[in-house]
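Below are the chains, spelled out letter by letter.
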Amino acid sequence: MTNELAQEALINGLNKRQAGDIEGAIADYTAAIQLQTGFINAYYNRGVAYAYLGQLANAIDDYTQVISLAPEHMQSYFNRAHAYDLMGDYQNALADYTEVIQLQPEMASAYHNRGSAYFKLGDYVAALADYTRSIALNNPDLHLPYNNRGESHELLGDYAAALADYTQALGIMPNFSDALNNRGRVNRLLGHLQQSLDDLNLAIQHYGDEAELYFNRGNTFVALGNADSAIEDYTRALDLIPNYAEAYYNRAQLYKREGQLNRADADFTAFLSLHPTHAEAFFSRAVVRHHQGETEAALADYTQALTLQPSMLDAYFNRAMIRRTMQDFEGAIEDYSMVITHQPQFVNAYVNRGNVYLMKGNLPRAIDDYEYALQLDPTHTLAQANLARAKEIHG
């Protein structure tokens, strides 16, 4: 039987919660708990109040207490799952949503939320199944599982199914930002560039302060060959989120392609400050610095790229060219040999290694490389000329 004073404290807490005094409500719920041991409603409502304030660990403790007292308290499992999800503890969220489904098998939102936990854990097949079940149960927010199922289809490589789901979501909520953004992206992946641009323009018209919209439209402009507009969109994305790493990277690649090397260098550097183990970014910055004549800096970047990704043959090939220029002949031979080991049909690796042997005065090895290059490509004019030169010197 409920203690009257405890019940009064609970009601006071509920009234304060309704009036927006969350801290006061928590104080009253705590008083109710102190007045009556195992007061389920007080623990539950205090958990709700803690969650509202973002005090998720406290909320989880209270929901756990409710579950220990009432093992079939479905809403506590549901709320605790949501709190775990917000904390990034997707495994525990998954377990709690599964408990909810066992207690209430027809709860569409539980399937949807469990699908989202699977999605965040990278299990897109399981996520897809749960989103499908949520749709079948007529989720009251039906645009959400359609959109999220579309994302699962997209990450599984089924772009046509993703497009269909995003379109379904937009049929239910025509200006749904996430679905417009997602459909714009998948239309680009399918080569439907004008449709992609139309979706992203509409999304930006309604939700112009979302950086991802500008980023994705920038990608579409790249596919359309409109570099200036793409750069403008990546720049706008960075205005909204200054640490938007992918926007730095994509803008850097565009600057590089357009010959704006100083800007490309700055953007690759900004990207690497956020992702210091990205081998491709070190490689791309090395190419930029190589073209700028910054050979020492380029050499350091190629070396770092290879430290991070030892199988990057282009980095060996380019580093070999720098080493040859710096008269590090042994280092250049070592790099060309690495390329040849992994790509034995690469004609220019043999020609370039032959050139280094020629510069070293190792004429037999140079001749061997030129002759093998000509076996692979009898029309290679540089190999023909350098072979003739090497044989003339050799006598």
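Located above this text is the structure these notes cover.
Here the residue numbers are simple positions, counted from 1 along each chain's written sequence. For a predicted model such as this one, the threshold for reporting local features is a pLDDT of at least 70, and the threshold for listing and counting side-chain atom pairs is 80 or more; totals across whole chains, interfaces and linings nevertheless cover every residue. Hydrogens and water molecules were not included; the side-chain quantities draw on all heavy atoms of the structure.

A. Broad picture of helix H7 (residues 108-120). Between its first and last C-alpha, H7 extends 19 Å over 13 residues, near the 18 Å set by a 1.5 Å rise per residue. Each residue's exposure class comes from its accessible area (1.4 Å probe, protein chains only) as a fraction of the maximum for that residue type: buried when under 20%, exposed when over 50%, partly exposed otherwise. Secondary structure elements are defined from DSSP: runs of H or I of at least 4 residues count as helices, runs of E of at least 2 residues count as strands, and each element is numbered from the N terminus. Among the 13 residues that make up H7, 10 are buried, leaving the element largely enclosed by the rest of the structure. Looking only at H7, the buried set comprises Ala 108, Ala 110, Tyr 111, His 112, Asn 113, Arg 114, Gly 115, Ser 116, Ala 117 and Tyr 118. Residues of H7 that are buried make contact with helix H5 (74-86), helix H6 (90-103), helix H8 (124-136) and helix H9 (143-155). Immediately downstream of H7, the backbone of Gly 122 shows phi near 85 degrees, a positive value. Multiplying 1.5 Å by the residue count of a helix minus one yields the expected span of that helix. The criterion used for residue contact is that any of the two residues' heavy atoms lie within 4.5 Å.

B. Representation of the packing of helix H11 (residues 177-189) against helix H12 (residues 193-206) in the model. For the pair H11 and H12, the least separation of the axes is 8 Å and the interaxial angle reads 160 degrees. Comparing the axis directions of H11 and H12 gives the class roughly antiparallel. Crossing of H11 against H12: the hand is left-handed. Contacts between H11 and H12 pair Leu 180, Asn 181, Arg 183, Gly 184, Asn 187 and Arg 188 from the former with Leu 193, Gln 195, Ser 196, Asp 199, Leu 200, Leu 202 and Ala 203 from the latter. Under the scheme applied here, ten amino acids are nonpolar (Ala, Val, Leu, Ile, Met, Phe, Trp, Tyr, Cys and Pro), four are charged (Asp, Glu, Lys and Arg), and all others, including Gly, are polar. Each residue belonging to the contact of H11 with H12 can be placed in one class, and the counts come to 5 nonpolar, 5 polar and 3 charged. Lines fitted to C-alpha atoms define the axes here, with helix axes fitted over just the stretch in contact, and angles between the N-to-C directions of these axes take values from 0 to 180 degrees. For classification purposes, an angle smaller than 35 degrees is called roughly parallel, one larger than 145 roughly antiparallel, one from 65 to 115 roughly perpendicular, and anything else oblique. Note on convention: the crossing is left-handed when the near helix lies turned anticlockwise from the far helix by less than a right angle, right-handed when the turn is clockwise.

C. Structural detail: the packing of aromatic side chains. Only Phe, Tyr and Trp rings are paired, with Trp represented by its six-membered ring, and only when their centres lie within 6.5 Å; those with planes under 30 degrees apart are stacked, over 60 edge-to-face, the remainder tilted. Tallied over the full model, the rule gives 11 aromatic pairs. Judged by centre distance (4.8 Å) and plane angle (45 degrees), the rings of Tyr 350 and Tyr 372 are tilted. A residue pair is termed long-range when its members are at least 10 positions apart, and Tyr 350 in helix H21 (residues 347-360) and Tyr 372 in helix H22 (residues 363-376) qualify at 22 residues. The class for Tyr 372 is partly exposed, based on a relative accessible area of 34%. In this structure an aromatic cluster arises from ring pairing among Phe 215, Tyr 234 and Tyr 244.

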